[in-house]
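Below, each chain spelled out in residue letters.
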Amino acid sequence: MLGVGSSNLLAPIFLLHRGVAQPGRALGSGSRGRKFNSSLPDYIFSLKVTSKLHAKKLERRLDMSNENEKSLEKLRHSAAHILAQAVKRLYPEVKLAIGPSTDTGFYYDFDREISFTPEDLGLIQEEMKKIVKENLPITCKEITKEEALTSFTTSKDIYKLELLEAIPEGDKITIFEQGEFADLCKGPHMEKTGQVRNFKLLKLAGAYWRGKETNQMLQRIYGTAFFDKKELKEYLRLLEEAKKRDHRKIGKELGYFIFDEQVGAGLPIWLPKGAKLLSMIEAYDTKKHEESGYKEVRSPHLGLVDLWKTSGHYYHYLDTMFPPMERDNQTFMVKPMNCPFHVSVYKAGLRSYRDLPIRYFELGKVYRYEKSGVLHGLLRVRSFTQDDAHIFCSAEQLEQELNSIREFSVNLFKDFGFTDLEIYVSIRDKEHSDAGKYIGDTKEWDLIEKEFISIVERMGIPYQIDPGEAKFYGPAIDIKLRDALGRLWQCTTIQIDFNLPTKFGLTYIGEDGEAHVPFMLHTAALGSMERFIAILLENYAGNLPLWISPEQVRIIPICDENIPYSKEICNTLNEVGIRTSVDEGSERMNAKIRKGEIEKIPYLFIIGKNEQEEEKVSVRKRHRKNLGSMTLDEIKLRLLEEIEKKVND
RNA sequence: GCCGAUGUAGCUCAGUUGGCAGAGCAGCUGAUUCGUAAUUAGCAGGUCGUCAGUUCGACUCUGACCAUCGGCUCCA
């Protein structure tokens, strides 16, 4: 049993929720899937942070004053205006919506009956260059609401009119003008269009007016802009690099996984090499959990509909659950989460305070009917495996548990080569806290959020507050990792749940001999295995560290006579657990080496007449060419050490 | 789900203003037994995403559907 934490603040909440079942309210349970089955990460893949290789540059960039950051915003905002001006010149019938700067560039939303084509994008970019060359002064003009209303009414700028309505009475209304173009805008902007020299239009996309699904679909043009031409080039290079590392591309090239139309969208099929990778990671993950006091459990892929009604999933997530199946008057539903099953495990016996904390772990495969448009390789699928854990503990144990989960994740990520982590405390968005977005009492929320933050404070590590990211029933601690390209990915989530234990009537016998309701923590370390593998593949560009490479060594006999000796070596290595094969093909050595390199095999051993006579192997490391001859014992020790230390390079 | 684009051999991609379907790589067969990123010759390989429609004739035109890609929305 773990030591008692210092969390007293939570005790009242614990008491509040004891026996306070609220049948009228459909309460949810864990929200573990929030981000780790998400689409592209919320990555800040900008010049702020580029890569480990650019650590020095990074420091310099982080030193950049706020002023400079803002002026980059200013530059991009002006670029958006130039984009709109160019579009207006080429297509006068277009109606303008909004055009802000973003973390990585800018966009402008347009309303036009005909769709823009990629060719249009080229024309628009050319027109933008002209506007830059014209070096038009950008001026700000303050006008009254009436003037603005009249102006936008005559120009039939319906979107601007809508924006205008939203401006509170008494606020300044400003118009920015450059040449014949004028836009309702708060600014600030550059002084002249000529200052926006380094920009590029990147893509076309649809976007809802004001981000609302029920609103008009507009056409969005994305672009980016920088002060320095080199920075623009670097950014475009990073985009290219990301494309090259796309896990969907690498997964196909290396034969890890496929999606099959006949099987269904969003349902990954693991090919032998990918399945090997997956099962190795799963085995390691399981071992680590067991070492940390988690007990592995297993549960079925479906359960009776009433189970999902009790847990609340049925009421809250029906549209993302696969539909019910009926047979002999019973209705089953495929699981979108594992929690109710772990609750069953808890309920399988009488629990005492002496048993707490109880930690259950399962590599549980869950199914969620994601909308067709959001599916994205392994990052957003309809069937995936969570390294899902549930901890049942007392209020006093919460802090200790949160700490050990965090530590567990940090150590696990280190093994996979991720050391650049960020901790987020997901709390409510205060501005919307009254809008019925969150359940429960505001005071309770304040209390529990405060407690969460102070627990993280006591961890003595840097963290950030993520407003609006709290689950509707409680706050969470999330851990994001930064990959080799500087992108952030959320993997670990730690959530507190004080609903499910009550709903399922969970209790433990306390020191006082009375029944108490335990707290339940939902957590996942790597998150979704599918998603984590995607992150690994992108981070390493497919060059997986030796210890998780499905094929670690490939032996290349120079001619057929060397095959028996090669097989001998292969067997010896396999016996000590080094995954080795022999390329017995009839191609020449060079072709086999090329094949091995393309397949990103960590080590290639060349065996010819010389090696056979000297009882050695010629070692070739991935991307490092020839390392020279070594005895089998030498290389074996080297490999085993590299595997043991989980070296990544 | 919404907007837009795309879908041709295992893979990467040409192509046809409607008239017998093309390459490279991979595969197979043979020759070659080679020293650190592609030896060579030959042979195969396709309901041109699916289903309808127009047409003497559809891979090409039309429609619906499916899937993928870029976004939007969503992601418990």
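Described in the following lines is the structure provided in the data block. In every chain, residue numbers begin from 1 and rise along the written sequence. Numbering of ligands from 1 and lettering of chains from A proceed in the order in which they are written. Predicted model: local features are reported for residues with pLDDT of at least 70 only, side-chain atom pairs are reported and counted for 80 or more only, and whole-chain, interface and lining totals are derived from all residues. Hydrogens and water are ignored here; the side-chain numbers use all heavy atoms of the structure.

### So, the sheet that holds strand β11 (residues 302-304)
- The criterion for strand pairing is that DSSP finds at least two bridges linking the strands in question. Numbering of helices and strands runs from the N terminus, with a helix taken as a DSSP run of H or I at least four residues long and a strand as a DSSP run of E at least two residues long. Pairing is antiparallel across the open sheet formed by three strands, whose spatial order is β11-β13-β12. Because the sheet does not close on itself, it has two edges, and the strands there are β11 and β12 (325-327). Each strand of the sheet is rotated relative to its neighbour by a mean of 35°, with strand direction disregarded.
- In terms of strand pairing, β12 meets strand β13 (residues 330-334) through three bridges, oriented antiparallel. Of the residues in β13, the one forming a bridge with E326 is T331. Here the axes come from fitting lines to C-alpha atoms, over the contacting stretch only for helices, and the angles between their N-to-C directions go from 0 to 180 degrees.

### Points about the packing of helix α9 (residues 272-291) against helix α16 (residues 529-539)
- At a minimum axis separation of 11 Å, α9 and α16 run at an interaxial angle of 110°. When the interaxial angle is binned, α9 and α16 end up roughly perpendicular. The element α9 and its partner α16 pack so that their crossing is right-handed. Facing α9, whose interface residues are L277, L278, I281, E282 and D285, α16 presents M529, I533 and L536.
- Classification used: nonpolar for Ala, Val, Leu, Ile, Met, Phe, Trp, Tyr, Cys and Pro, charged for Asp, Glu, Lys and Arg, polar for all others including Gly. Looking at the contact of α9 with α16 residue by residue, the classes come out as six nonpolar, no polar and two charged. By definition in this entry, angles of less than 35 degrees are roughly parallel, angles greater than 145 are roughly antiparallel, angles of 65 to 115 are roughly perpendicular, and the rest are oblique. Helix crossings get a hand from a simple test, with the near helix turned counterclockwise from the far one by less than a right angle marking a left-handed crossing and a clockwise turn marking a right-handed one. Only heavy atoms enter the contact rule, under which two residues are in contact if any of them lie within 4.5 Å.

### Quick look at the sheet that holds strand β4 (residues 173-178)
- Here three strands make up an open sheet; going across it, the order is β3-β4-β5 and the pairing antiparallel. Every other strand in the sheet has two partners, leaving β3 (138-143) and β5 (181-184) as the edge strands with one partner each. Between one strand and the next, the sheet's axes are offset by a mean angle of 25°, whatever the strand orientation.
- Sheet topology places β3 next to β4; six bridges connect them, and they run antiparallel. Bridge pairing in β4 links E142 to T174.

### Looking at the pattern of salt bridges
- Salt bridges are defined by distance alone: a side-chain nitrogen of Lys or Arg within 4 Å of a carboxyl oxygen of Asp or Glu. Across all of its chains, the model carries 38 salt bridges by this definition.
- Put simply, R220 and D109 hold a salt bridge, and the shortest N to O gap is 2.6 Å. Remark: D109 occurs in strand β2 (residues 106-111) and R220 occurs in strand β7 (residues 217-226); sequence separation between them is 111 residues. For the pair R220 and D109, one class covers both residues: buried.
- One connected set of salt bridges, linked through shared partners, spans R89, E127, K130, E134 and E180. Exposure categories follow from relative accessible area, calculated using a 1.4 Å probe and restricted to protein chains: below 20% of the type maximum is buried, above 50% is exposed, and the middle band is partly exposed.

### Let's talk about helix α20 (residues 632-645)
- For α20, spanning 14 residues, the distance from its first C-alpha to its last is 20 Å, which sits close to the expected 20 Å at 1.5 Å a residue.
- Phi turns positive one or two residues past the end of α20, at K646, with a value near 55°. Expected span of a helix, by definition, is 1.5 Å for each gap between consecutive residues, and there is one gap fewer than residues.

### With respect to the pairing of strand β27 (residues 625-631)
- Alignment of strand β26 (residues 616-621) against β27, held across six bridges, turns out to be antiparallel. Of the residues in β27, the one forming a bridge with K616 is T631.
- The hairpin turn running from β26 into β27, its antiparallel successor, is three residues long, and H623 in that turn takes a positive phi close to 65°.

### Details of the nonpolar core
- Counting residues in hydrophobic clusters, the biggest one holds 76 residues, and the most contacted among them are I281, F416, F532, L536 and F605.
- The biggest single contributor to this core is α16, with seven residues.
- Note that the domain bounds reflect an automated or database-derived domain assignment. Residue assignment places this core across two domains, with domain 1 (10-21 + 248-299 + 338-539) and domain 4 (546-645) each supplying three or more.
- In this structure I281 touches F416, L526, M529, I533, L536 and I548, once residues within four positions along its chain are discounted.
- We define the nonpolar core as a collection of buried residues of types Ala, Val, Leu, Ile, Met, Phe, Trp, Tyr and Cys that are connected through side-chain atoms lying within 4.5 Å of one another. Of all hydrophobic cores here, the second largest spans 32 residues; its members include Y91, F106, M190 and I221.

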